[in-house]
Amino acid sequence: GKSRADLWSYAGIVAVEYGIESNNIACVNSKDPHIQDNICVHEPNTTECFVHPSRPIQFQYGRADCTDFEAGFPYRATKEERHPSPTGDGQFTIDYFKRDFDFTSRETAAIMGAHTFGRPHAE
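### A word on the overall build of the protein
In step 1: Secondary structure assignment for the protein yields three helices and two strands.
In step 2: Starting at the N terminus, the α and β elements of the protein follow one another as α-β-β-α-α.
In step 3: A total of 123 residues make up the protein; the buried ones form 13% of that total.
In step 4: Total accessible area computed for the protein in this model is approximately 10200 Å², and 56% of it derives from carbon and sulfur atoms.

Below, the structure is given as structure tokens:
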């Protein structure tokens, strides 16, 4: 089956693709209305600015570790989740991701950076 984690995995792929596309547009025109204000790119108008992945990101679904679910609701896991403290400091965050996901500090920084995409829209 598919789980909520699969949705987040797919959303992460979309975010990376959005970031690449926004970066590449800003390499040509940082004022383009399709990108966020104040986007920061490396060496605009040069080939070094553009991001060209060597291959597309392949989406894979189905979690081997998500086997316990409510009858009739295969997307609803029964395992209790742990969440980090919203007031934890940097070391707390690194420890949480190490304990719960076996992430290195570098992987933790990458996932936190991925969460900086987007902005609120009042409309």
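### Focus on the packing of aromatic side chains
In step 1: Scanning all chains against the criterion turns up seven aromatic pairs.
In step 2: Geometrically, the ring pair formed by Tyr10 and Phe59 is edge-to-face, given 5.2 Å between the ring centres and 70 degrees between the ring planes. On the criterion of sequence distance, the pair formed by Tyr10 in helix α1 (residues 4–28) and Phe59 in the loop between α1 and β1 (69–70) is long-range, its members being 49 residues apart.
In step 3: The class for Tyr10 is partly exposed, based on a relative accessible area of 46%.
In step 4: You can call Phe59 partly exposed: its relative accessible area is 32%.
In step 5: With a centroid separation of 5.9 Å and an interplanar angle of 75 degrees, the aromatic rings of Tyr96 and Phe101 are classed as edge-to-face.
In step 6: Of the residues examined, Phe101 reaches a relative accessible area of 44% and is grouped as partly exposed.
In step 7: Cluster of aromatic residues (ring-pair linked, three or more members): Tyr96, Phe97, Phe101 and Phe103.

### Quick notes on the pattern of salt bridges
In step 1: If you walk through the whole model with that rule in mind, you get three salt bridges.
In step 2: Across the pair Asp100 and Arg82 runs a salt bridge whose closest N-O atoms are separated by 2.9 Å. A residue pair is termed long-range when its members are at least 10 positions apart, and Asp100 in helix α2 (residues 90–101) and Arg82 in the loop between β2 (73–77) and α2 qualify at 18 residues.
In step 3: Sharing partners across several salt bridges, the network here consists of Arg82, Arg99 and Asp100.

### Some thoughts on the state of the cysteines
Two cysteines form a disulfide when their sulfur atoms are joined by a covalent bond.
In step 1: Scanning the entire structure with this criterion turns up one disulfide.
In step 2: Note on cysteine connectivity: Cys27 is disulfide-linked to Cys49, with sulfurs 1.9 Å apart. An S-S torsion of about -90 degrees defines the bridge between Cys27 and Cys49 as left-handed. Separated by 22 residues along the polypeptide, Cys27 in helix α1 and Cys49 in the loop between α1 and β1 bring together distant segments of the chain. By the burial criterion, Cys27 is buried, and Cys49 matches it.

### As for the nonpolar core
In step 1: Formed by Ala26, Cys27, Ile35, Val41 and Cys49, the largest nonpolar core amounts to five residues.
In step 2: Look past the residues within four positions of Cys49 in its chain and what remains in contact with it is Asn23, Asn24, Cys27, Val41, His42, Glu43 and Pro44.

### Quick notes on the confidence of the model for the protein
In step 1: When pLDDT is averaged along the protein, the result is 82, and 85% of the positions lie at 70 or above.
In step 2: Within the protein, the element-level pLDDT minimum falls on β2, averaging 72, and the maximum on α2, averaging 91.

### A closer look at the environment of Asp95
In step 1: If you trace the backbone, Asp95 turns up in helix α2.
In step 2: Here the alpha-carbon distance between Asp95 and Ser105, two residues ten residues apart in the chain, equals 8.6 Å.

What counts as what
Residues numbered from 1 in each chain as written. Predicted model: local features only at pLDDT ≥ 70, side-chain atom pairs only at ≥ 80, totals over all residues. Heavy atoms only, no water. Helix = DSSP H or I, 4+ residues; strand = E, 2+ residues; numbered from the N terminus. Buried < 20%, exposed > 50% of the residue type's maximum accessible area, 1.4 Å probe, protein only. Areas by Shrake-Rupley, 256 points an atom, 1.4 Å probe, with all protein chains shown as cover. Phe/Tyr/Trp six-rings, centres within 6.5 Å; stacked < 30°, edge-to-face > 60°. Salt bridge = Lys/Arg side-chain N within 4 Å of Asp/Glu carboxyl O. Disulfide = S-S within 2.5 Å. Core = buried A, V, L, I, M, F, W, Y, C linked by side-chain atoms within 4.5 Å. Contact = heavy atoms within 4.5 Å. pLDDT = per-residue confidence, 0-100.

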